Amino acid sequence: MKRRSKTHWAGIAIIVCACASGWAIDLQEELLTTNAAPGRYGGTLVVLQRAEPKTLNPVTALDAPSREVIRRMTADLVSINRATQQTEPGLAKSWTISEDGRVFLLELRRGLHFSDGHPMDTDDVAFTFQVYLDEKVRSPQRDLLMPGGQPVAVEKLDSYRVRFRLAQPYAAAERIFDSVAILPRHLLEPAWRAGKLAEAWNLNTAPSAIAGLGPFRLKEYQPGERIVLEKNPYYWKTSREGNRLPYLDRLEFRFVPAEDTQVLRFISGEADVLNRVSARNFEMLRQDARTKYDQLQDLGPGLEYNFLFFNLGSLDGQRYPEIASRQASFRNLGFRQAIAAAVDRDAIVKLVYGGRATPLWGHVTPGNRLWGNAALPKQPQSFDRARQLLRAAGFRWNSEQQLLDASLKRVEFSILVSSSSPERVKMATLIQDDLKTLGIQAQVVSLEFRALLDRVLNSREYEACILGLVSGDTDPNPEMNVWLSSGGSHLWNPGQKEPMTAWEGEVDKLMRQQMTTLDYARRKSLYDRVQQIAAENLPLICLASPNILVAARKDLGNFQPAILDHYTLWNVEQLYWRTPRGVSSSPKESRP
Amino acid sequence: MLSRYLLRRFAHIAFLLAGISALSFALLELAPGDFLGEAKLNPQLSAQTIAALREQYGLNKSLLQKYIYWLGSVAKGDFGVSFAYNLPVSTLLWPRMLKTLELTVSSLTLSWLIAVPLGVWSAANRRGWLDRVVSFAVSALLAIPDLVLACIALLVAVRSGIFHSGDPVLPVTVLVLGALPILVRHTRAALLSVSAEPFARAALANGIHGFELWFRWLLPAAANPLASLFGLSVAGLISSSLLVETILGWPGLGPLFLEAIGARDFYLVIGPVILSAAFLAGGTLLGDILLYMVDPRIRLES
Amino acid sequence: MKQFWHSARLPISLLVALHLAVVLAGFLSPEDPAKQNRKSALLAPMNIHFVDSRSKLHLRPLVTVEGEDRPLRFFVSGSQYRLLGLFRLRTHLFGLDEPSGIHLLGTDEFGRDQFSRVLWGGQISLATGWLAAVISVGLGMLLGLAAGFWGGWRDSVIMRGAELFLALPWLYLLLAVRAFLPLSLSPSATALMLIAVIGVVGWARPARLVRGVALSAKERDYVYAARGFGASAWYLATRHCLPETYSVAATQAALLIPQYILAEVTLSFIGLGVGEPVASWGNLLAPLRQFSIITSAWWMALPALIVVLTSWCFLRLEDALSSPSPRKHECEKMV
């Protein structure tokens, strides 16, 4: 024993201390080990946004740029993995669901901290849901947390377990938890109690007053120019090898309104990621010598569906006599079927999207792996079939080949499009030409987006319109408002008190049923039936879904874009630079 | 006399701003759609939430109520609150206004410094072939709208690789190229008409020619339209760079204003309009004062 | 007058030729401007040559379509059009036998012939330029003269009004106006309405300049003299002040026509231009907003040359107009 020198004991002491501290961290923090490939630490990622975020408040944020930034700074209990489109554990390490699907028991990871070091527990979870469900706060996400019209009941069992009780069974309920950011009670409770939560965390707030559980935290905001996030040292996810994520030091969002300017900045090396590129610019990037070896990916169809629809609601005949008289044709199913038969979807895919799109005959795109009805007929353009359908529906042609309806009036109507969407204007031009072949004179009216929405949703003063919608999730539940006849997004006839047609009534029934059915197979057959009814009655004549096109530097590792929002940054904590940054691969980079 | 005149003009400016604000409010109210229009399309939001949000933002208030609220807010220095940002409009406008002025003041100075000598030289060498070339170039430049100029400049800059985002050189170049043609042409036209006056012949007979003739004697006489034009240049300090800023991604008032229009963010739209109107009124006042100073033939009404 | 013609003969002849070509658009264009040819989207311009692929010389010009050499025919019967809005004709100056189309300036994204669209588009663009400029300058002269000549409170009111109009966010006004136009209005009528609005709103700038000149003119000695002789205000205004304003008004008018043509281009860039399928120069240039078009389909930029040429002609014309009159011509030789 005397042989053991002081150095020896010192060494042991050091080792024990090191183990204890390391061990202490491992004991206290229950981190999530992801599948992230090992990466290199360091570097800044520059991402471009079309508009700047308006607020950093997760509770009230409505617009996309704000949500894009906020989601990198916050975390949720259960996440939807964008690549697999399935749920996976987030802040909650496990959960159990009761037999009737109404009670969720979630167990949180222990020992986690907010980005300012403050520990996190179920008090924060309870506070979060209290705030989101508070009527006075008027959070846009409140309605998500009220399936069946009743708020979710949140009960704190102990420091790490929390129970959620739903008023009725709700299909895929755990998907609700995705994007409900857990808020820090220690920072926001005073504001909430004072009734000023909506004003908290605006763009002028100091970074020290904002904390979250996301991979990054706020560093700096320059009005109109950029918002800079820095690595969150307390982030709770690790790589496969157990290294704490994120790899990147900084994440910078810069605001560039015009897409072409964004592409130019990518080419010049100033930006690293383009979240959404148009087909033409994508081709250009593929051919430009400076970018052709970068990671330019065509992910196939996303969840966006573009469609043509007619005004089918009952109009005040006094106010809009012309539109009301034309509605007789619009309501004629044969008429709509003929229009659908005359549309040249191939031309839309080729000429509008440069081939990078998928033709649609229903609103569920091929990008949605689980819920598409494969049995729907996909008929190509056929003027013969269109003419047959029109004849059977009581329409005739006069000597000048112009189409006349049953009362011998010329069939002509206007198609509204948003002036800010050049793709839809082109679709309208193509359809206008196709309809001319049938003898229908269609006018393309390009209006500013808000004015268009006002006409379609409020004053109902329109005849036909081309719009596009993007589903929030692959699950059918976010589509409820579109298919329920009382829904606000039931575009062809929104907000009905009673369904106007038998088929709309049946769709109402089916959608409500699938919302409370827990078994996937049963739900799928219900939703398949909804898609079939939609295809038979054509309230929306679906046209095409553009492919999701993204771009990233060739040395960005772990880049795994997906077709669910956020296409490129959903796994931002796993992204890393393969070559050390600071040694520029392109001499034109300018990083302050 | 001058001070009375100025006092009257300032009263006019106050009336002008009040008039513009009232007119803008009326126009905005007339235009279809409001801030929550797009929210209606959002499948996540129920009608009740939207109705509650409308109450909160005061979208249901009558036009007069909104105007009175806004006047009160002006007195406080806020100029209203932006629905999207939930911040007072003045805090949003101030930093961006400075960035816009950075561009426009530079381009104003540069374009006048280049345009006047160019215009004089062009008038003096009227028949030469160089004048024809310059004339053609100026006309061609005039024929290209600002938007297209900005796009071309962007393309050229990136192809040649000298493009840096924080650098004002590119936007200023575009603005100068856009403003130059009109200034050159007006200077040239004014000088041509002045050079035909009898006193020009007299000066020539007295042996004054060349640089001295054109700059010391003819240019001041031609100052009448130029003074008004300068006033107009100053007047456009806020509004002339809107589209260029949006295309080139310069963080000025342009992108903010255009986005606010698209989103119907009421008070945020009124803010830059009033700012622009204030500069306009100030600019025309400046133009009138300059006119009075350079052209003694104008008597002000007493 | 001789002097004027000498310096202005080139732009005037070009403008006359242009307007004539545009009026005869139906006859001069080989294709229907709205006819889509979806298989021939974004084709490069076709060359006219006289030597065919077998190196044989022909007297009749040839065009290569899809690998085949096709002879160009003159006074062809093709798609129907209306000349001057009155006569329905089918004869075109040149073209090919059915079925293929000839595309001297290439095709656009829908396969429509650009050459025909440039000619037909000129009708809308030139009409809007003229209309708006006439409205602006007319209103501007009226109000500027009134303000400068009468002075006093009328001057203040008119000038404050001018400031109001200059300060109006015209983009917003246009959005509002566009949203209110009835749906059934044809695309050309809509465009004309929008441009008329721009024209009305644009009286402020000419008015200010005219006013400056009128202010100065009314203080001249001969005006005082005439007043001393008992001339009425109307006489003084029209005989003495008005002529002084002609040069400014002419400058403004000739500057404004191309400016309003460009305003239509700008409107098209932001989506408020003439509706499909009607062509206008703005419409034709709008795809250039995406610069990727320039790199992949350079011929889409050719209509810009016509716009630049038209602008140049108007500006040269304005130059000639604002040149001093023959009386002053002598001085030019010395100065």
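No experiment lies behind these values; they were computed from the predicted model shown. Think of each chain on its own: its residues are numbered from 1, step by step along the sequence as written. Numbering of ligands from 1 and lettering of chains from A proceed in the order in which they are written. Only residues with pLDDT of at least 70 are given local features in this predicted model, and only at 80 or more are side-chain atom pairs given and counted; all residues enter the totals for whole chains, interfaces and linings.

Novice: I'd like a rundown of the interface of chain A and chain C, residues and numbers included.
Specialist: Residues are treated as contacting if the C-beta atoms built from their backbones sit within 7 Å of each other. Between chain A and chain C, the residue contacts involve 23 residues of the former and 19 residues of the latter. In DSSP terms, a helix is any run of H or I states spanning at least four residues, a strand is any run of E spanning at least two, and both are numbered starting from the N terminus. Taken together, the elements giving at least two residues each to the side of chain A that touches chain C come down to α6 (279-287), α9 (345-352), α11 (422-437) and β20 (441-447) of chain A. Amino acids are sorted into nonpolar (Ala, Val, Leu, Ile, Met, Phe, Trp, Tyr, Cys and Pro), charged (Asp, Glu, Lys and Arg) and polar (every other residue, Gly among them). Among the residues making up the side of chain A that touches chain C, the classes are represented as eight nonpolar, eight polar and seven charged.

Novice: Give a description of the interface of chain A and chain B that names residues and reports values.
Specialist: Contacts between the two partners involve 45 residues from chain A and, on the opposite side, 41 residues from chain B. Looking at the side of chain A that touches chain B, the elements that each hand over two or more residues are α5 (259-267), α12 (449-459) and α13 (480-483) of chain A. Here the element with the most residues in the side of chain A that touches chain B is α12(A); it accounts for seven residues. Split by residue class, the side of chain A that touches chain B holds 19 nonpolar, 12 polar and 14 charged.

Novice: I'd love a proper account of the domain arrangement of chain B, names of residues and values included.
Specialist: Residue and element names in this part refer to chain B. Segmentation of chain B into domains returns domain 1 (2-89) and domain 2 (95-299). Boundaries of every domain are those given by an automatic assignment or by a domain database. Distance from the C-alpha centre of domain 1 to the C-alpha centre of domain 2: 32 Å. The interface is formed by 21 residues belonging to domain 1 together with 15 residues belonging to domain 2. The leading source of residues in the side of domain 1 that touches domain 2 is helix α1 (residues 2-30), at nine residues. A class-by-class count of the residues in the side of domain 1 that touches domain 2 yields 13 nonpolar, six polar and two charged.

Novice: Tell me about the pairing of strand β4 (residues 73-83) of chain C, and name the residues and values.
Specialist: Bridging between β4(C) and strand β5 (residues 87-95) of chain C involves seven bridges; their strand directions are antiparallel. Residue F74(C) lies in a different strand from β5(C), and its bridge partner there is F94(C). Note on pairing: two strands pair once DSSP finds at least 2 bridges between them.

Novice: I'd like a description of the confidence of the model for chain B, backed by residues and values.
Specialist: Residues and elements named next belong to chain B. pLDDT runs from 0 to 100 and stands for how confident the predictor is about each residue. Across chain B, pLDDT averages 84, with 96% of residues at or above 70. The spread of mean pLDDT over the elements of chain B runs between helix α6 (residues 146-160), the lowest at 77, and helix α4 (residues 89-124), the highest at 91. For this predicted complex, the interface confidence reaches an ipTM of 0.83, while the overall pTM sits at 0.87.

Novice: Go over the sheet that holds strand β2 (residues 57-65) of chain C, please, and point to the residues and values.
Specialist: Residue and element names in this part refer to chain C. The strand order across the open sheet formed by three strands is β1-β2-β3, and the pairing between neighbours is antiparallel. On the outer flanks of this sheet lie β1 (48-51) and β3 (68-71), each paired with one strand and no other. This sheet shows a mean twist of 50° between the axes of neighbouring strands, independent of strand direction. Inspection of the sheet shows β2 paired to β3 by four bridges, in the antiparallel sense. Axis lines are fitted to C-alpha atoms, over the contacting stretch for helices. Their N-to-C directions set the angle, which ranges from 0 to 180 degrees.

Novice: I'd like a description of the environment of S233(B), backed by residues and values.
Specialist: Residues and elements named next belong to chain B. In this fold, S233 is placed in helix α10 (residues 223-235). Judged by local crowding, S233 falls into the buried class, with 22 C-beta atoms found within 10 Å. Sequence spacing of S233 and L108 is 125 residues, and the spatial spacing of their C-alpha atoms is 7.1 Å. Counts of 20 or more other C-beta atoms within 10 Å of a residue's own C-beta define buried residues, counts of 12 or fewer define exposed ones, and intermediate counts define partly exposed ones; C-beta atoms are placed from the backbone.

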